[in-house]
Amino acid sequence: MSIEFKNVNYIYNQGTPFEYQGLKDISFNLTDGNFIAIIGHTGSGKSTLLQHFDALLKPTSGEIKLAGFDITSKTTNKNLKSLRKKVGIVFQFPENQLFAETILKDAMFGPLNFGMDADLAEKNAKKWLKRLGIKEELYEQSPFDLSGGQMRRVAIAGVLAYEPEILCLDEPAAGLDPVGRKEIMSIFKEYQKNGHTVILITHEMDDVAQYADDVLVLQQAKLIKHTTVADLFENPEWLAEHYLNQPHAARFAQTLKQNGFKLKQTPLTIEQLAKSISKKMREYNE
Amino acid sequence: MSKIIIGRYIPGNSIIYKMDPRGKIIAAFFFIALIFLANNWITYSLITLFTFAAVFATKLKIKTFWQGVRPLIWLILFTSVLQLFFTTGGKVYWHWGILNISHYGIENSIYIFIRFVMIILMSTVLTLTTTPLEISEGMEWILTPLKYLKVPIGQIALVMSIALRFVPTLMDETVKIMNAQRARGADFNDGGLVKRAKAIIPILVPLFINSLTIAIDLAVAMESRGYREGEKRSRYRVLKWSQYDWINFAFFALLTVLLLIFRNH
Amino acid sequence: MTKQIIEVENLSYKYKDATDLALKNISFKVQENQWLSIIGHNGSGKSTLSRLLNGLLVPEENPDTKIVIDGLELNSENLWKIRDKIGIVFQNPDNQFVGTNVQDDVAFGLENRNVPRSEMIKRVDAALSAVGMQSYKNAEPQMLSGGQKQRVAIAGIIAIEPKIIILDESTSMLDPEGRNSILKLIRKLQQQKGMTVISITHNIEETLHSDDILVLDSGKKVAQGKPEKIFSNMEMIKKAGLGLPFIYELKQELSKNGVEIPSDVSTEEKMVEYLCQLNSKM
């Protein structure tokens, strides 16, 4: 099974003076179980695309197939619950969606809506709150007494608590400190490795390099590239043309190269960079 | 929701856009008074012609105006029909119990219909071509005399302009929250009244909390930018009369004179 | 000779209803025209500090506490004079945009100071061109990107001509493009106008260019010094819950692979130079 978009168009405010096109003729196929990054500039259509995975927006024309569902312009709002149970979305700044009196109740909101019985919902909510580092003695407290970073974690736990097959993330680590960012991203990576599909919108190329398998590049509502991470960053000219960055390690290797220090492969992470630098130095020393 | 046109501004650059909001507001109110001068076919035709001229002068699509009238059309028709059946006088064409259709009834119901539609069209001309902020500033100027009654017009105007500034932000916020809760399986259109009312809580609570955050942030930013309550402030935005406003007033003066000449005395 | 522009002594602060102090006995100094970065993990007290500097918050009662800004001691008498000297760019681009459009927002601070309209027009224009937003004069906030809104916020500040600009996590909600352009802009303004910059940030990379770094951990000052000094103390950085800049992480990784880099190689430029030199010798 896979995720398939076929000629998907989306038009905002159709038939009003405020009409504009959010997605233009988007087609792609994603393999289940992969970690997919969606990149592109602000306003390129990333968030619009993400809302289609959950049928929060339905294509104006075209067809989407995922998790056993067909979504077209004619899809009605009935039966969408079972789709949304399978496709979870963590929106940007998800801490803004918390509402319940206690942290635990908020994390149980999704599971209960999707028909889990109360015991299982509680068990799942607790499991994910714990995994996200929320201390047990806080579960009965109001989420609004937490710091922003902790509220973010509660909101993420609230989505993971129904363990969606496909997990969509819209810049989940924006505004977090570097340590918190790493913690959260590694939780998502682990979730993918345990047999789920993860789709991540991000501006951070270092995260793309470190966590993703495949990349979708959007520009002005169009899909301009669908490829593997290694392939994407192998081509710095193309990236520069589209005002996209390389990961920090690759950028550094590029500067080294321009100054006469050539590495065999473009390193994507700091570990790879350090390895190839030291390897090269050892080769010379021998 | 995005199809409701009353009270909405659509950017444009026809002559009406260039008129001062104070002039437009005064003119719109004056128009309502003028309508009551009309009392025969000629004067109602004048009013209708004048309104359509204003509508065309905006250079906006006629469809947009129809969208403005449409939500009220049943109410207007209902009122007209009441007039039709309950007005007596002149030749009676039909009669049943207390209901009758008379000459005056037909005339009156048509007049009422025209009156309503023209008032809606003219106020739509105002709101489509004037930003809410301009309307608020125009109103502020019109209400300036209240200053002498110790009404803090300046502060009310600042509050109004900030409120208007944050309408789109809060609309965005609402959509985001609704989407987030929908994604978590919330259903807003399902079940009975109680269930639906309960379903609103996950939207209202975050919306309230987020508005509070915005308000606090905004107060902090305003204070650090030197805002002091009750202190004298200068004004950057000023309204200026231009030749377009004289054109505006000239047309209304002409209409007034014509109405006074042609109405039944 | 540089002049001392900020002096803080024994500053503590506790939020109402909180049990712990948000800031514990902080003292530091800033020289004029310097760039000070204040770093610390989420909730370390960084933003509290910025709000104490311009009197938005009032410190805990203590006779030894002193905040002096450009020779003026912060007290209720000098409060508004001090607010003329400090401009703060806050984190959320939307929540500090007071005006209905760009030029109105820039004028807000001037209106508050009762500046005559003819003068305002000049200053708004000058401030907007200094931040490169003159063509957006009439744009409404919802038509602007986060980075553009922060530019407008900066224009609103420089219109008042303050001596100090505080960036209170001002780039944390922006995309990398917006973030870089804002930092570049501030650097330019710092040089052109001789402003002092205090940047409260998570962005470790950005702090490498600062003159001075102050590290906060749970409300306490744990270190202050030049970037080289701060980031060579990995123990402390780790304890404060912070990450290392790219160049220091690379050095660490290289050392794991048996390549030791001298400690004076502390920027990416120096590292490139160092490696290429080695390369040419080999």
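## Things to note about the nonpolar core
Next, step 1: One finds Leu 129, Leu 167, Val 208 and Phe 233 of chain A to be the most contacted residues of the largest nonpolar core, which totals 53 residues.
Next, step 2: When residues in this core are grouped by element, the largest group, seven residues, is from helix α5 (residues 148-160) of chain A.

## Description of the domain arrangement of chain C
Residues and elements named next belong to chain C.
Next, step 1: One can read the domain layout of chain C as domain 1 (4-241) and domain 2 (245-282).
Next, step 2: Averaged C-alpha coordinates put domain 1 and domain 2 at centres separated by 33 Å.
Next, step 3: Of the roughly 610 Å² buried at the junction of domain 1 and domain 2 (both faces included), carbon and sulfur atoms supply 69%.
Next, step 4: The largest contributions to the domain 1 side of the interface with domain 2 come from Glu 205, Leu 208 and Met 234, which together make up 57% of the buried area.
Next, step 5: For the pair domain 1 and domain 2, the interface holds zero salt bridges.
Next, step 6: Elements supplying a minimum of two residues to the side of domain 1 that touches domain 2: α7 (204-207) and α8 (227-232).
Next, step 7: Looking at the side of domain 1 that touches domain 2, the element that brings in the most residues is α8, giving four residues.
Next, step 8: Along the lines of polarity and charge, the residues of the side of domain 1 that touches domain 2 split into five nonpolar, one polar and two charged.

## So, the sheet that holds strand β2 (residues 20-31) of chain A
All names here are of chain A.
Next, step 1: With respect to topology, four strands assemble into an open sheet ordered β2-β1-β4-β5, the strand pairing being antiparallel. Unpaired on one side and paired on the other, β2 and β5 (69-71) mark the two borders of the sheet. When strand polarity is set aside, the average angle formed by the axes of neighbouring strands in this sheet is 15 degrees.
Next, step 2: In this structure, strand β1 (residues 2-12) lies alongside β2, joined through eight bridges in antiparallel fashion. The partner of Glu 4 across the bridge, within β2, is Asn 29.

## Considering the interface of chain B and chain C
Interface extent is often summarised as the accessible area lost during association of the parts.
Next, step 1: With 28 residues of chain B at the contact, the number on the chain C side is 37 residues.
Next, step 2: On the chain B side of the contact with chain C, Arg 165, Arg 225 and Tyr 236 of chain B bury the most area, a combined 33% of that side's loss.
Next, step 3: On inspection of chain B and its partner chain C, the count reaches five salt bridges.
Next, step 4: Taking the shortest distance from any N to any O, the salt bridge between Glu 223 of chain B and Arg 83 of chain C comes out at 3.0 Å.
Next, step 5: The interface formed by chain B and chain C holds 17 residue pairs in polar contact (both at pLDDT 80 or more) in total.
Next, step 6: Of all elements in the fold, only α8 (153-183) and α9 (193-224) of chain B reach the threshold of two or more residues within the side of chain B that touches chain C.
Next, step 7: In terms of residue class, the side of chain B that touches chain C is made up of 13 nonpolar, six polar and nine charged.

Cut-offs applied
- Residues numbered from 1 in each chain as written.
- Chains lettered and ligands numbered in written order.
- Predicted model: local features only at pLDDT ≥ 70, side-chain atom pairs only at ≥ 80, totals over all residues.
- Heavy atoms only, no water.
- Core = buried A, V, L, I, M, F, W, Y, C linked by side-chain atoms within 4.5 Å.
- Buried < 20%, exposed > 50% of the residue type's maximum accessible area, 1.4 Å probe, protein only.
- Helix = DSSP H or I, 4+ residues; strand = E, 2+ residues; numbered from the N terminus.
- Domains from an automatic or database assignment.
- Buried area = accessible area lost by both parts, 1.4 Å probe.
- Salt bridge = Lys/Arg side-chain N within 4 Å of Asp/Glu carboxyl O.
- Nonpolar A, V, L, I, M, F, W, Y, C, P; charged D, E, K, R; others polar.
- Pairing = 2+ DSSP bridges.
- Axes fitted to C-alpha atoms, helices over the stretch in contact; angles between N-to-C directions.
- Contact = heavy atoms within 4.5 Å.
- Polar contact = N/O pair within 3.5 Å; in protein donor to acceptor, adjacent residues only side chain to side chain.

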